[in-house]
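Chains, contacts and geometry: an overview
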Amino acid sequence: MEDIRKELDKLEQYLKIKPLYWDFDKNEFLWIDTRLLPWKEVYRNTKDFRRVAQAIKEMEIRGAPAIGVSAAYGLSMALKYSNATKPKDLLNYAKEAYNVLASTRPTAYNLFWALNRIWNIILKSSEKEDVEFMKEEALKEAHKIYIEDIKNNVEMGKHGSKVIENNSRIITHCNTGALATAGFGTALGVIRYAFYEGKNIHVYADETRPLLQGARLTIWELKKEGIPSTLVVDGASGLLFNKNMADLAIVGADRITLTGHVANKIGTFNLALAANYHNKPFYVAAPTSTVQPTENPNDIVIEERSPSEVVNIMGQLAIAVEGTNAFNPAFDITPPELIHGIITEKGIVKKPYLNNFKAIIYNY
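Residue positions are given per chain, counting from 1 as you read along its sequence in written order. Under the rules for a predicted model, residues below a pLDDT of 70 receive no local features and side-chain atom pairs below 80 are neither given nor counted, while totals for whole chains, interfaces and linings still include all residues. No hydrogens and no water enter the side-chain calculation; it runs on all heavy atoms of the structure.

Our focus in this paragraph is the sheet that holds strand 15 (residues 341-344). Adjacent strands of a sheet form backbone hydrogen bonds with each other and so pair up, either parallel or antiparallel. An order of 6-5-4-7-10-15-16 is seen for the 7 strands of this open sheet, with the pairing classed as mixed. Of all the strands in the sheet, the pair left with one neighbour each is strand 6 (229-232) and strand 16 (347-349). The mean inter-strand angle of the sheet, taken between neighbouring strand axes irrespective of direction, is 25°. Contacts from helix 6 (residues 131-160) reach strand 10 (282-285), strand 15 and strand 16, with the element oriented near 135° to strand 15. Here, strands pair whenever DSSP counts at least two bridges between them. Numbering of helices and strands runs from the N terminus; a helix is a DSSP stretch of H or I covering at least four residues, while a strand is a stretch of E covering at least two. Only the stretch in contact is used when a helix axis is fitted, and all axes are lines through C-alpha atoms; the angle between N-to-C directions ranges over 0 to 180 degrees. Contact definition: two residues touch when any of their heavy atoms are within 4.5 Å.

Quick look at the structure:
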């Protein structure tokens, strides 16, 4: 593990905000509870994969890359702390843990990508018929996924900053910063990188109903970084573009098809429509691990969450009369024709997305 720790030390410069990590001394997983931000900065910790699953489901941990990394650690912890003494028994327990973690958030593709990557390592390592070897290999792979996510975020920042000119005014939606990843961020990582380059920028952050990730989390991150920002209601983007107060939009993604259909936090489609109507660029930033190897957007499962999130503010204040019906889809799908480019760690993918995604992911 020494090589992994040295690699992590090199990445510390990018982790001004450390949303989740592995404690090598206590051998446990830690994460900041994003439900409590910006009021309290509280870290949770566990050695139990079930607690990780709960944290993902209840959105203590949120954001597709962060969900994937956390699930990877969850599955590796299931092995590490299992009492199984035979490879077959350990495999059965790992499969149980896999199913629990996979049931948490259906739309975030990184969840399944990361779980499958750990699972494949478990299967391969089981050929040695050595339980301790299986445990060690699974945790090593989780560390690799964590490290790759940070590196990929920084690479996305390098590529994406090219689309941000000096004096740009940028609209973003939901939270796509360090808190949504292993560190640094996707769309907000692109903005952060441009700011580090010395560009004068201003960010308009959609509040992002119903859980207010933009208001609570994005503004919190921007304030910590000292990046000039303004909070706006979700419906303000059309006016901002119309009054020439914003130059472009950059958002993240929870799942992308090879055809360039993007599932992201509800309200993203509306923002894309507003940007396109006013001939303003609309970009998506996400690692290639968010790209689902399918060409059919109907394969995307849209998570529907409790109506209580809509009729209450953060579970504290009722804003509608008792008995109000509410529809609460967590995501919508933006079609590829509305997307100017998809920023990945391998470069900016342009139309035609199908051909170009196959080229960078599968070398077609």
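Right, picking up where we left off after that structure.
Under the pairing criterion, centres of Phe, Tyr and Trp rings, with the six-membered ring standing for Trp, must be within 6.5 Å; the plane angle then separates stacked pairs below 30 degrees from edge-to-face pairs above 60, leaving the rest tilted. Following the criterion strictly, the structure yields 10 aromatic pairs and no others. One aromatic cluster is present, formed by Trp 22, Phe 29, Trp 31, Tyr 73 and Tyr 146 through successive ring pairs. For a ring to carry a charge above it, either NZ of a lysine or CZ of an arginine must fall within 6 Å of the ring centroid while also lying within 35 degrees of the normal to the ring plane. Residue placement shows Lys 80 over the ring face of Tyr 81; its charged tip is 5.9 Å from the ring centre. Between the NZ or CZ atom of Arg 192 and the centre of the ring of Phe 184, over which it lies, the distance is 5.6 Å.

You can see Val 311 is positioned in helix 11 (residues 308-311). In this structure, the C-alpha to C-alpha distance between Val 311 and Phe 327, residues 16 residues apart in sequence, is 9.8 Å. If we skip the residues at most four places from it in the chain, Val 311 touches Leu 317, Ala 318, Ile 319, Ala 320, Thr 324 and Ala 326.

The next point concerns the nonpolar core. As used in this record, nonpolar core signifies buried Ala, Val, Leu, Ile, Met, Phe, Trp, Tyr and Cys residues forming a set joined through side-chain atoms within 4.5 Å. Classification of residues uses two cut-offs on accessible area relative to the type maximum, computed with a 1.4 Å probe and protein chains only: under 20% is buried, over 50% is exposed, and between them is partly exposed. In terms of nonpolar packing, the biggest core is built from 50 residues, with Phe 29, Ile 122 and Tyr 146 touching the most fellow members. When residues of this core are traced back to their parent elements, those giving at least two are helix 1 (2-11), strand 1 (20-23), strand 2 (28-32), helix 2 (49-57), helix 3 (64-80), helix 4 (87-102), helix 5 (109-125) and helix 6. No other element matches the 11 residues that helix 3 contributes to this core. Leaving out residues up to four positions away in the same chain, Tyr 146 has contacts with Leu 8, Leu 15, Lys 18, Leu 20, Tyr 21, Val 69, Tyr 73 and Ala 182. In this structure, Ala 249, Val 251, Ala 274 and Tyr 353 belong to the second largest nonpolar core, which totals 27 residues.

Attention now goes to the side chain of Arg 216. Considering the arrangement of structural elements, one finds Arg 216 in helix 8 (residues 213-225). One buried charged residue, Arg 216, forms no salt bridge at all, with the nearest opposite charge on Asp 33 at 7.4 Å. Distance and chemistry together define a polar contact, namely a pair of N or O atoms within 3.5 Å, with one atom able to donate a hydrogen and the other to accept it when in protein, and with adjacent residues in sequence counting only for side-chain atoms on both sides. At a separation of 2.9 Å, a polar atom in the side chain of Arg 216 contacts the main-chain carbonyl oxygen of Leu 37. Sequence-distant contacts of Arg 216, defined by excluding residues within four places in its chain, comprise Thr 34, Arg 35, Leu 37, Pro 38, Trp 39, Leu 211 and Met 314. Asp and Glu are treated as the negative residues and Lys and Arg as the positive ones, with His and the ends of the chain left uncounted. Put simply, a salt bridge is a Lys or Arg side-chain nitrogen that is within 4 Å of an Asp or Glu carboxyl oxygen.

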